[in-house]
Amino acid sequence: MSIYLDNAATTKPCREAVKAIYDCLDSNYGNPSSLHHEGVRAQIAVDEVRKMIGRTIAADPECIYFTSGATESNNLAVLGSVGNGGKKKNRIVSTAVEHPSVDRALSRLEEKGFEVVRIAPDKNGNISHERIINAVDSNTALVSIMLVNNETGYIMPVRRAFYGIKKLYPGCLTHCDAVQGYMKIPFKVSELSADMVSLSGHKICGPKGIGALYVRKGIHIKPRTFGGGQEKGLRSGTENVPMIVGMGAAVKALSRDINERYSKAQELKAMFLKKISELENVTVNSSEDASPYIINISVPGIRSEIMLHFLEERGIYISSGSACSKGEKSSVLKSFGLCDELVDSALRISLGRETIGADLSALAEGIGDARKSLLKAK
Ligand code: PLP
């Protein structure tokens, strides 16, 4: 029996998604672009999911575009939205703790001469909406801020920041990478004042390799793939119908009890933090009001990888940072103000739909035992 606590990296697909994918592969294999019956059936299935995703974020389904995942959605939003049209604005505002799929896209724009302002958390680990708004000026083309940080669970003040920005600079585009918040923290695109929102299938008990980008009507984005003109020309390539259908099934299954799951995650987090507080010298890096689904802690003196392997021996799977960083030192945690010792020993515990108290008790016990045996061995 394994205890999987790495749900920010990816989630186990829910039964509903697996069944929907199988059924689709088995009996709805048409190409949505084909004009015959099988093509129309596939197109209907895709559009049903478009509607469903639209409903969950109160968006017009026509504004939902399917992509290969949030990496592509983020790239498309950042690289496709700036530098279009007449007056050239060349400033972009973001944060120092964005996912690499936003941050590296921003670096590409920097190479092309854009000025990118990356707001770092203050000494308390916060990024206030005022600081974001103050960084924006009339020359700002885009503001890109994530909803929930994938390493610490920090919830960004996206609503207040984007609202303030739109009031002052209605022409400034706003993008939100909502991957770690979708199906966990309910939001409407209008309440977020977001022109673009990125979503991913595999973080919400759906399949990998599928995602979506919401683009508000009237916003012009340049495509980055060219071909058959699918997704209204924004994202050419035959739609990944089975995975779209799988993502839709996951959205349907998870949207039923978002608030109940959130409360449960809060209880589990509180219970885990209490257990951890009984251990000596364990630092909690996530703030109290962070998303309860992501808990970042450090156990100084034990490097993350060593702890990960110790826990793995017991069938407990957590991570040291984001899955993409694969052992590299986290610049995000550094930006959140952690010293090298805390970054080197950081552990990310991310809860999922199936997480129960016993999983977190076993983890706390494992961390306690690791401290006893690994620190003694030094
Ligand atoms: N944005 C955030 C905040 C993420 O956590 C991730 C995945 O780790 C992504 C974007 C990329 O998503 P995908 O794996 O669908 O490309």
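Residues numbered from 1 in each chain as written. Predicted model: local features only at pLDDT ≥ 70, side-chain atom pairs only at ≥ 80, totals over all residues. Heavy atoms only, no water.

1. Focus on the packing of helix 3 (residues 70–81) against helix 4 (residues 100–111)
Phase 1 of the analysis: Contact geometry for helix 3 and helix 4: axes closest at 9 Å, N-to-C directions at 30 degrees. In terms of axis orientation, helix 3 runs roughly parallel to helix 4. Helix 4 is crossed by helix 3, and the crossing has right-handed handedness. Mapping the contact onto sequence places Ala70, Thr71, Asn74, Asn75, Val78 and Leu79 in helix 3 and Ser101, Val102, Ala105, Leu106, Arg108 and Leu109 in helix 4. (Axes fitted to C-alpha atoms, helices over the stretch in contact; angles between N-to-C directions. Helix = DSSP H or I, 4+ residues; strand = E, 2+ residues; numbered from the N terminus. Parallel < 35°, antiparallel > 145°, perpendicular 65-115°, else oblique. Left-handed = near helix turned anticlockwise from the far one by under 90°. Contact = heavy atoms within 4.5 Å.)

2. Observations regarding the site of the ligand
Phase 1 of the analysis: Looking at the ligand, there are 14 residues lining it, with Thr71, Asp177, Ser200, His202 and Lys203 nearest.
Phase 2 of the analysis: One of the backbone nitrogen or oxygen atoms of Ala70 is found 2.9 Å away from an oxygen atom of the ligand.
Phase 3 of the analysis: At 3.4 Å from an oxygen atom of the ligand is found a side-chain nitrogen or oxygen belonging to His99.
Phase 4 of the analysis: Notes on the ligand: free accessible area 400 Å², of which the protein chains cover 89%.
Phase 5 of the analysis: Considering only residue class, the shell around the ligand consists of three nonpolar, nine polar and two charged. (Near = heavy atom within 4 Å. Polar contact = N/O pair within 3.5 Å; in protein donor to acceptor, adjacent residues only side chain to side chain. Areas by Shrake-Rupley, 256 points an atom, 1.4 Å probe, with all protein chains shown as cover. Nonpolar A, V, L, I, M, F, W, Y, C, P; charged D, E, K, R; others polar.)

3. Points about unusual backbone geometry
Negative phi characterises most residues that are not glycine, and trans characterises most peptide bonds.
Phase 1 of the analysis: Phi is positive for Ala58, close to 55 degrees, though the residue is something other than glycine.
Phase 2 of the analysis: Given the relative accessible area of 43%, Ala58 is considered partly exposed.
Phase 3 of the analysis: You will see that Glu231, though not glycine, has its phi angle at about 50 degrees, which is positive.
Phase 4 of the analysis: Relative to the assigned elements, Glu231 resides in the loop between strand 8 (211–215) and helix 8 (241–254). (Buried < 20%, exposed > 50% of the residue type's maximum accessible area, 1.4 Å probe, protein only.)

4. Re the side chain of Asp6
Phase 1 of the analysis: Residue placement: Asp6 occurs in the loop between strand 1 (3–4) and helix 1 (15–27).
Phase 2 of the analysis: Asp6 gets classed as buried once you look at its relative accessible area, which sits at 13%.
Phase 3 of the analysis: There is a polar contact of 3.4 Å between the side chain of Asp6 and the side chain of Arg348.
Phase 4 of the analysis: Contacts of Asp6, omitting those with residues within four sequence positions, involve Tyr317, Ile318, Ser319, Arg348 and Ser350.

5. Quick word on the pairing of strand 12 (residues 346–350)
Phase 1 of the analysis: The buried fraction of strand 12 is high, at five of five residues.
Phase 2 of the analysis: By the alternation rule, side chains of strand 12 split into Ala346, Arg348 and Ser350 and Leu347 and Ile349, which are all buried.
Phase 3 of the analysis: Both strand 10 (residues 294–298) and strand 12 contribute to a ladder of five bridges, which runs antiparallel. For Ile295, the partnering residue across the bridge sits in strand 12 and is Ile349. (Pairing = 2+ DSSP bridges.)

6. Some remarks on the side chain of Ser73
Phase 1 of the analysis: By the secondary structure assignment, Ser73 is in helix 3.
Phase 2 of the analysis: Take Ser73: its relative accessible area is 0%, and that puts it in the buried class.
Phase 3 of the analysis: Discounting chain neighbours no more than four positions away, the residues touching Ser73 are Thr67, Ser198, Leu199, Gly211, Ala212 and Leu213.

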